[in-house]
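In case you want the letters, here they are:
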Amino acid sequence: MYKLLLSWRYLRSRYIALASIISVTLGVATLIVVNSVMAGFTQEMHQRLHGILSDIVLESHNLDGFADPQWHMEQIRKICGDDIAGMTPVIHVPALMRIPFRGDFHTRQINLIGVDKTTYTEVSDFSQYLLHPGNQEKLSFLLREKGYAPGRNDFPPSGWVYRRVQAEYEKELARQQREMADVESSGDLPASNIAPPPDPYAPSIPSDSYGGESNPITSGDVFDPATEQNTGIILGIATCSIRGRDADGEVRDFYLCGPGDDVQVYFPNAGSSPKPVSTSLTVVDLYESKMSEYDATFAFMPIEKLQSLRGMFDPLTDTRYVTSIHMKLKPGADLNGVRDKLRAAFPSDQYPYRIETWRDLQGPLLAAVHMETTILNILLFLIIAVAGFGILATFFMIVVEKTRDIGILKALGAPSQGVMSIFLSYGVSLGAVGSGVGLVLGLLFVIYINKIAHGLELITGREVFDPTVYYFQEIPTSIQPTMVVGVMIGAVLIAVLASVLPALRAARLHPVAALRYE
Amino acid sequence: MDSFYGLAPRTSTRKQSAAGPHVTFPGDASESTASTKQQVLLSAHGVEKSYRKGKHVVPVLLGVDFEIAAGEFVSIVGQSGSGKSTLLHLLGTLDAPDQGEIHFEGRRIDNLPTSSRDLLRNQYFGMIFQFYHLLPELSALENVLIPSMIADGAFRYWRNRRQYRERAEHLLELVGLSHRLKHKPRELSGGEMQRAAIARALIAEPEVLLADEPTGNLDSKTGEEIMEILRTLNADQNLTIVMVTHDAAIASQADRIVRLAEGRVQAA
Ligand SMILES: Nc1ncnc2c1ncn2[C@@H]1O[C@H](COP(=O)(O)OP(=O)(O)O)[C@@H](O)[C@H]1O
Ligand SMILES: [Mg+2]
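About the cut-offs
Residues numbered from 1 in each chain as written. Chains lettered and ligands numbered in written order. Predicted model: local features only at pLDDT ≥ 70, side-chain atom pairs only at ≥ 80, totals over all residues. Heavy atoms only, no water. Helix = DSSP H or I, 4+ residues; strand = E, 2+ residues; numbered from the N terminus. Buried < 20%, exposed > 50% of the residue type's maximum accessible area, 1.4 Å probe, protein only. Areas by Shrake-Rupley, 256 points an atom, 1.4 Å probe, with all protein chains shown as cover. Contact = heavy atoms within 4.5 Å. Buried area = accessible area lost by both parts, 1.4 Å probe. Salt bridge = Lys/Arg side-chain N within 4 Å of Asp/Glu carboxyl O. Polar contact = N/O pair within 3.5 Å; in protein donor to acceptor, adjacent residues only side chain to side chain. Nonpolar A, V, L, I, M, F, W, Y, C, P; charged D, E, K, R; others polar. pLDDT = per-residue confidence, 0-100. Lys, Arg positive; Asp, Glu negative; His and termini not counted. Pairing = 2+ DSSP bridges. Axes fitted to C-alpha atoms, helices over the stretch in contact; angles between N-to-C directions. Near = heavy atom within 4 Å. Phe/Tyr/Trp six-rings, centres within 6.5 Å; stacked < 30°, edge-to-face > 60°. Lys NZ or Arg CZ within 6 Å of the ring centre and 35° of its normal. Disulfide = S-S within 2.5 Å. Patch = residues over 30% accessible without salt bridge, like charges linked within 9 Å, V, L, I, M, F, W, Y side chains within 5 Å.

## Digging into the overall build of chain B
Looking only at helices and strands, chain B features 8 helices and 10 strands. Buried residues in chain B amount to 54% of all 268 residues. On chain B, roughly 12,000 Å² of surface is accessible, and the fraction owed to carbon and sulfur atoms is 50%.

## Some words on the overall build of chain A
Within chain A one finds 17 helices and 15 strands. Counting all 518 residues of chain A, 46% fall into the buried class. Across chain A, the fraction of contacts at a sequence separation of at least 24, relative to all contacts at a separation of at least 6, is 75%. Of the accessible surface of chain A, which amounts to about 25,300 Å², a share of 60% is contributed by carbon and sulfur atoms.

## Considering the interface of chain A and chain B
Between chain A and chain B, the contact holds 24 residues from the first and 28 residues from the second. Contact with chain B buries surface across chain A, with Met1, Arg9 and Leu412 of chain A losing the most and accounting together for 27% of the total. Our enumeration of links across chain A and chain B arrives at 2 salt bridges. Measuring nitrogen to oxygen at the nearest pair gives 3.0 Å for the salt bridge that ties glutamate 137 of chain B to lysine 402 of chain A. Our enumeration of links across chain A and chain B arrives at 8 residue pairs in polar contact (both at pLDDT 80 or more). Broken down by secondary-structure element, the contributors of at least two residues to the side of chain A that touches chain B are α1 (2-13), α13 (403-411) and α17 (511-516) of chain A. Within the side of chain A that touches chain B, the residues separate by chemical class into 14 nonpolar, 3 polar and 7 charged.

## Remarks on the confidence of the model for chain B
All names here are of chain B. A residue-level look at chain B finds 85% of positions with pLDDT of 70 or above and a mean pLDDT of 83. Long-range and interchain partners of residues 1-37, a stretch whose pLDDT sits below 50, account for 58 contacts in this model, where long-range means more than four residues apart. Complex prediction metrics read pTM 0.66 and ipTM 0.86.

## Points about the side chain of arginine 310 of chain A
Residues and elements named next belong to chain A. Here arginine 310 lies in helix α9 (residues 303-310). In this structure, arginine 310 is buried with no salt-bridge partner, the nearest side chain bearing the opposite charge being aspartate 64 at 4.3 Å. In this structure arginine 310 touches Leu63, Asp64, Ile91, Val93, Phe267, Pro268, Asn269 and Ala270, once residues within four positions along its chain are discounted.

## Re the pattern of salt bridges
Taken as a whole, this structure holds 29 salt bridges over all chains when the rule is applied. Salt-bridge contacts for aspartate 262 of chain A lead to arginine 163 of chain A; the nearest nitrogen and oxygen are separated by 2.9 Å. Note that aspartate 262 of chain A is positioned in strand β9 (residues 262-268) and arginine 163 of chain A in helix α7 (residues 160-188), a separation of 99 residues in sequence. Residue classification places arginine 163 of chain A among the buried positions, given a relative accessible area of 3%. Here arginine 231 of chain B ties to glutamate 228 of chain B by a salt bridge, and the two come within 2.8 Å at their closest N and O atoms. Here the residue arginine 231 of chain B and the residue glutamate 228 of chain B both occupy positions in helix α7 (residues 220-237), the gap between them amounting to 3 residues, near one helical turn. Owing to a relative accessible area of 27%, arginine 231 of chain B belongs among the partly exposed residues under this scheme.

## What about the sheet that holds strand β6 (residues 125-128) of chain B?
Residues and elements named next belong to chain B. Pairing within the open sheet is mixed, and its 6 strands lie in the order β6-β7-β8-β3-β9-β10. The open sheet has two edge strands with one neighbour each: β6 and β10 (264-266). Recorded for the sheet is a direction-independent mean angle of 25° between the axes of neighbouring strands. Both strand β9 (residues 256-261) and β10 contribute to a ladder of 3 bridges, which runs antiparallel. Considered in β10, the bridge of arginine 259 is made with glutamine 266.

## Some points on the site of ligand 1
Near ligand 1 you find Arg516 of chain A together with Tyr51, Lys53, Val60, Gln79, Ser80, Gly81, Ser82, Gly83, Lys84, Ser85 and Thr86 of chain B, and these make up its full shell. Ligand 1 sits at a junction of chains, with neighbouring residues supplied by chains A and B. Within the side chain of threonine 86 of chain B, one N or O atom sits 2.5 Å away from an oxygen atom of ligand 1. When ligand 1 is considered free in solution it has 560 Å² of accessible area, and contact with the protein chains removes 70% of it.

## Looking at the sheet that holds strand β12 (residues 313-314) of chain A
Residues and elements named next belong to chain A. Strand order in the open sheet formed by 3 strands is β2-β13-β12, and the pairing between neighbours is antiparallel. Strands at the two margins of the open sheet, each flanked by one partner only, are β2 (66-67) and β12. By the bridge criterion, 2 bridges tie β12 to strand β13 (residues 319-322) in an arrangement that is antiparallel. Considered in β13, the bridge of phenylalanine 313 is made with arginine 320.

## Overview of helix α10 (residues 335-345) of chain A
Residues and elements named next belong to chain A. Here α10 has its buried residues at Leu335, Gly337, Val338, Arg339 and Leu342. Summarising the contacts, the buried residues of α10 are in contact with β1 (56-60), α4 (69-80), β14 (324-329), β15 (353-357) and α11 (358-361). Sitting at the head of α10, aspartate 334 places a side-chain oxygen 3.4 Å from the backbone nitrogen of asparagine 336.

## Looking at the packing of aromatic side chains
What the rule picks out here adds up to 19 aromatic pairs over all chains. Where tyrosine 120 of chain A meets phenylalanine 126 of chain A, the ring centres are 5.2 Å apart and the plane angle is 70°; that geometry is what we call edge-to-face. When the centroid spacing of 5.5 Å and the interplanar angle of 10° are considered together, the rings of tyrosine 157 of chain B and tyrosine 164 of chain B count as stacked. An identical accessibility class is assigned to tyrosine 157 of chain B and tyrosine 164 of chain B; each is buried. Joined through ring pairs, the aromatic side chains of Tyr120, Phe126, Tyr129, Tyr287, Tyr294, Phe298 and Phe300 of chain A make up one cluster. The side chain of arginine 320 of chain A reaches across the aromatic face of phenylalanine 313 of chain A, ending 4.1 Å from its centre. Arginine 161 of chain B extends its terminal NZ or CZ atom over the ring of tryptophan 158 of chain B, reaching a point 4.1 Å from the ring centre.

## Side note on the state of the cysteines
Residues and elements named next belong to chain A. Inspection of every chain in the model, using the stated rule, returns 0 disulfides over all chains. Cysteine cysteine 240 remains unbridged, with the sulfur of cysteine 257 as its closest cysteine sulfur at 4.4 Å. By relative accessible area, cysteine 257 is classed as buried at 3%.

## Observations regarding a nonpolar patch on the surface
All names here are of chain A. A surface patch of nonpolar side chains, amounting to about 950 Å² of accessible area, comprises Val440, Leu444, Phe445, Ile447, Tyr448, Ile452, Leu456, Leu458, Ile459 and Ile479. Put simply, the parts of the chain that give the nonpolar patch at least two residues each are α14 (416-447) and α15 (449-460). Structurally, the position occupied by isoleucine 452 is in helix α15.

## Brief notes about the side chain of glutamine 229 of chain A
Residues and elements named next belong to chain A. Inspection of the secondary structure puts glutamine 229 in the loop between β5 (213-214) and β6 (232-236). Side-chain polar atoms of glutamine 229 contact the backbone oxygen of phenylalanine 141, separated by 3.4 Å. A polar contact is formed between the side chain of glutamine 229 and the backbone nitrogen of leucine 143, at a distance of 2.6 Å.

Okay, here's the thing in structure tokens:
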């Protein structure tokens, strides 16, 4: 009883001790904030990476790929069919894309990915990242009438609506150019030199030096861009747009092309001496995963078309080639276990395959984030440890100051453990109060972090998270209960450890020496 | 074993309230004490004590023999530095002698284990000091209650708190401090602090009161008031009192005076 009474009275009469635990409070608050933000960031990143990538990828080392994906998928099903939720064959090939823009070209380096439109959406969240709601529902490589990117004001006109107008405009442009040429030539050139009628097969964009092949889906005699489209391609949003600020400082996306436009794509064909293949494709949708690396390089087209263009299809034997197989596992399946089984079944000394989980593929990035979190935690716990030394010093001071009281208590028959527990419970309650306040502060900060960031923006006039750099609209946070509990236990433990030494000293004090103490 | 002291009103209540563990003395404790009225309650036998200050050894007590009977009021006098406080601390088991023995109720107590000595101080000895030694964070009433809190665990204290509180208030009234219950020591005068300290020493109904210069810091009038309280306690309640002082006038109010000089008790 006297222990509680006295430690309570000491607590109330010594605000210096409360001051000494402010550092504990701050340490706990920052630890909670930093961990929540890092966890939120990691979670967000995991989700995105995982959503974009499938669970396990079997990938050929060779750009020419391997034959017979069906046989491979059957084998995989035999090995670990119970864990597999879905599989899809995929072709990855580096490619060059030329986007016609105002009579000029923008050239981009892209990762051209041939996907199967029914199964690919089953192994990843691919369709979630498409801009047309119809494609989110059911992927199609046909251009849609309209309705792209609902709710985005700065999205350019797109779809068939746009394509027809554009085709009309270009037809008119071509006609005027022809007339101009006629007028110019009629005067001083012989009649035989009259410009030939426009090439009916020419795509709506000027054809290039390779005499690119166009891929009209409708096999009419004349390709009419107002009613026909080439094979569809879905572009990563950053391959065809530039994010920047307008004169008012507002963030805007500036699109070089959009759904309804045609682009020219070049990639190597399969074979022992690859040659470039060129094709004209119609953009049918854009892809926005918010992972800048992917959005700036990915482009998707139907796998069958890519196979025939690259010569990865042998019509005689009906053999198809792919460069990789993506797998999705059932929930709860052991990711690394399945990978290891597959690795055993396709040993790398016999098959030129890489079999990796999505974690393996993103290993360096995930490891870097993990490392960052760990280092921050160590640093912040060092801060709390420093706070611990502050408590230690303050407590020693208080014990020295209370020497006579300790002597009195002992003279009145208080046992040493009793005296010790006065100072221990003092330390525990200080630690609990300090970390409790820190907990509340930290949680409040995390909950209102976006409002706080917004407030800071208003005050400083600078954006905390520049949206031209980060794809986050908001700062992602995730409060992990185990982390919070761990931080609290750690902080209280440090406060207790810091009070053990002074408490022991108090317990060891000789009553007479303490009574004589002036 | 209390009945023969003739302290019926005091001891009977104590045995009820302090129903907790009694001091367990080592060895056989067959009671061989019960004949004369002049029963020795507390005694020192050939007690020696010296302090070590680095390499120097400061001898303070060189073989002190001292006895006090139950119900007696003895004052120990001597010059400052003669070792009066040291002797009192030894009698009160706050310190252990280098040589010799301390006996209480016929049993040796200086070599008891720490927990038994803690209990002895808490239940059988009351102590008051020259500098009052009240806890500055607590009110007068709380200071008086501290020994009871130490005796009981939190739960038992909570259950008995009303009883304890009543007794503490009664004691404070006895020493004339009923109007200062809620005051902190720094709001009290020296005399008032010493009254509170006396009340605190009495709360556990001790067998003996050890007073170390209780008037040493007070003016003569206030000191006289304190002495009045002590004399009344001795006379009315038959409380055994050992009082240390260097003031001859104060000392003379006791039944008997013991003179301490050169580390020994001098012939009176
Ligand atoms: N802890 C200690 N270390 C060294 N000397 C001490 C210590 N305590 C007391 N003394 C010495 O012992 C002697 C007796 O002290 P004390 O019992 O307080 O005397 P009194 O109470 O009669 O004035 C004094 O000379 C004092 O200096
Ligand atoms: Mg003294």
